[in-house]
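Chain and residue survey
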Amino acid sequence: MKKIGIAGNHAIHPNPKFGTNYVNYIQKNYTAALTEAGALVMILPISAPELAADYVASIDALVLAGGQDVTPDYYGEEPIPAIGEIDRYRDAFEFALFAEAVRVGKPVFGICRGAQVINVGLGGKLYQDLATQYAQLRVKHDQYPTKWSTPTHRLVWQRDNWLTPIVAPDALVNSFHHQAVKTLAPSLTLDATSSDGVIEAFSDETRHIYAVQWHPEMLRMTDDAVQAVFDAFVAKVENV
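Rules used in this analysis
- Per chain, residues are indexed from 1 in the order of the written sequence.
- In keeping with the predicted nature of the model, local features appear solely for residues at pLDDT of at least 70, side-chain atom pairs appear and are counted solely at 80 or more, and the whole-chain, interface and lining totals rest on all residues.
- Derived side-chain values reflect all non-hydrogen atoms in the structure, with water molecules and hydrogen atoms excluded from consideration.
- Each pair of aromatic rings taken from Phe, Tyr and Trp, with Trp reduced to its six-membered ring, is defined by centres within 6.5 Å and is described as stacked if the planes are under 30 degrees apart, edge-to-face if over 60, and tilted in the remaining cases.
- Here a strand is any run of E in DSSP of at least two residues, a helix any run of H or I of at least four, and the numbering for each starts at the N terminus.
- Take the residue count of a helix, subtract one, and multiply by 1.5 Å to get its expected span.
- Think of it in three bands: residues with accessible area under 20% of the maximum for their type are buried, residues over 50% are exposed, and the middle band is partly exposed, with areas taken using a 1.4 Å probe on protein chains only.
- Residues adjacent in sequence count toward polar contacts only when both atoms are side-chain atoms; beyond that, a polar contact is any pair of N or O atoms within 3.5 Å, and within protein one must be able to donate a hydrogen and the other to accept it.
- Comment: axis = line fitted to C-alpha atoms, over the contacting stretch for helices; angle = value between 0 and 180 degrees taken between N-to-C directions.
- Working definition: roughly parallel below 35 degrees, roughly antiparallel above 145 degrees, roughly perpendicular at 65 to 115 degrees, and oblique for all remaining angles.
- In this scheme, a crossing is called left-handed if the near helix is turned counterclockwise away from the far one by less than a right angle; it is called right-handed if the turn is clockwise.
- Should any heavy atoms of two residues lie within 4.5 Å, those residues are counted as being in contact.
- Throughout this entry, Asp, Glu, Lys and Arg are counted as charged residues, while Ala, Val, Leu, Ile, Met, Phe, Trp, Tyr, Cys and Pro are counted as nonpolar. The remaining residues, Gly among them, count as polar.
- Strand pairing is defined by DSSP finding a minimum of two bridges between the two strands.
- Among buried residues, the Ala, Val, Leu, Ile, Met, Phe, Trp, Tyr and Cys ones that are joined through side-chain atoms within 4.5 Å form a nonpolar core.

Looking at an unreviewed UniProt entry, the protein chain carries the name Gamma-glutamyl-gamma-aminobutyrate hydrolase family protein, with the source organism given as Leuconostoc lactis.

Here you go:
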């Protein structure tokens, strides 16, 4: 059974449930999907970047999940007024985890923010806010208040890739982001966009790097077929 580490998040504001008990956490949809795919899931709490090598040594693959905006100085920009919340501690740890996973050749799967971390970590850039920076915007990419498990916009496939055998050509996906990949890192290959051209999936088969902008872990709540995405990733881990 392969060990897959999910980089966790942590509460940084008081909330009604935990007060000022700032817990480490990850949404259970991620762990459920990977467990069903046959992986042994390990949650990696936000820690000092210097510990990244030890964490990566303990797992067979890494998953980078959704969450806060990526700090823009990682790709050479100042924050614009429309940027959302950032968390420098999470950024520093996840970039260190990703760099180490790439260094030692362990597979990585990025979802939403995780895809953005991968792109920036390899030298790409982001739109800090689609609504104010992307002139071709025609699709609602932050579908709130529509439920997380509801698919809302279509993918446009750009080539055959690891997802095309398991995701329909006219698939609808969900969408919870206001940032997106602007300049794809040179080593990555575009797999899919939205109908208005926003990058929705990319990969690097040579280095076992895979990323999607949507949230398959949420879609599988109401569509069992979406589990195939996680099954395919775990199968790739097993074949490395």
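Further remarks concern the packing of aromatic side chains. Applying the stated criterion to the full structure yields nine aromatic pairs. Arranged with centres 5.6 Å apart and planes meeting at 90°, the rings of F109 and W162 form a pair that is edge-to-face. In this pair, F109 sits in strand 6 (residues 108–111) while W162 sits in the loop between strand 8 (153–157) and strand 9 (172–173), placing the two residues 53 residues apart along the sequence. Centroid distance W148 to F176: 6.4 Å. Interplanar angle 80°. Geometry classified as edge-to-face. Taken together, the residues span a long stretch of sequence, with W148 in the loop between helix 5 (130–133) and strand 8 and F176 in the loop between strand 9 and strand 10 (180–183) at a distance of 28 residues.

Taking 1.5 Å per residue, 17 residues should reach 24 Å; helix 3 (residues 88–104) reaches 24 Å between its end C-alpha atoms and fits that length. Within the sequence span of helix 3, burial applies to R90, D91, F93, E94, F95, A96, L97, F98, E100 and A101. Sitting at the head of helix 3, D87 places a side-chain oxygen 3.1 Å from the backbone nitrogen of Y89. Trailing helix 3 by a residue or two, G105 shows a phi angle of about 80°, which is positive.

The subject of this paragraph is the packing of helix 3 against helix 4 (residues 113–121). Look at helix 3 against helix 4: their axes get within 10 Å of each other, and the N-to-C directions meet at 65°. When the interaxial angle is binned, helix 3 and helix 4 end up roughly perpendicular. In this structure, helix 3 crosses over helix 4, and the sense of that crossing is right-handed. Residues R90, D91, E94, F95 and F98 of helix 3 form the contact with helix 4, whose own contacting residues are R113, V117, I118, V120 and G121. For the contact of helix 3 with helix 4, the residue count by class is five nonpolar, one polar and four charged.

A few words on unusual backbone geometry. Cis rather than trans, the peptide bond between Y144 and P145 has omega equal to 10°. In this structure, P145 sits in the loop between helix 5 and strand 8. Phi is positive for C112, close to 55°, though the residue is something other than glycine. Given the relative accessible area of 5%, C112 is considered buried. With a phi angle near 60°, H208 is a residue other than glycine that sits in the positive phi range.

Spatial strand order, 4-1-5-6-13-12-11-8-9: nine strands in an open sheet with mixed pairing. Single-partner strands in this sheet number two, and they are strand 4 (40–44) and strand 9. Sheet topology places strand 8 next to strand 9; two bridges connect them, and they run antiparallel. Note on strand 9: the bridge partner recorded for R154 is L172. Contacts from helix 3 reach strand 1 (3–7), strand 4, strand 5 (61–64), strand 6 and strand 13 (209–212), with the element oriented near 150° to strand 5. Contacts from helix 7 (residues 227–239) reach strand 1, strand 5, strand 6 and strand 13, with the element oriented near 155° to strand 6.

A few words on the nonpolar core. One finds I4, F109, W162, L163, W214, F230 and F233 to be the most contacted residues of the largest nonpolar core, which totals 34 residues. Broken down by secondary-structure element, the contributors of at least two residues to this core are strand 1, helix 1 (28–36), strand 5, strand 6, strand 8, strand 13 and helix 7. Considering every element that reaches this core, the biggest residue donor is helix 7, with six residues. For L163, the contacting residues outside a window of four places in its chain are W157, A201, V212, W214 and V229. The next biggest cluster of nonpolar side chains, apart from the first, holds 31 residues, and it includes A52, A96, I209 and A211.

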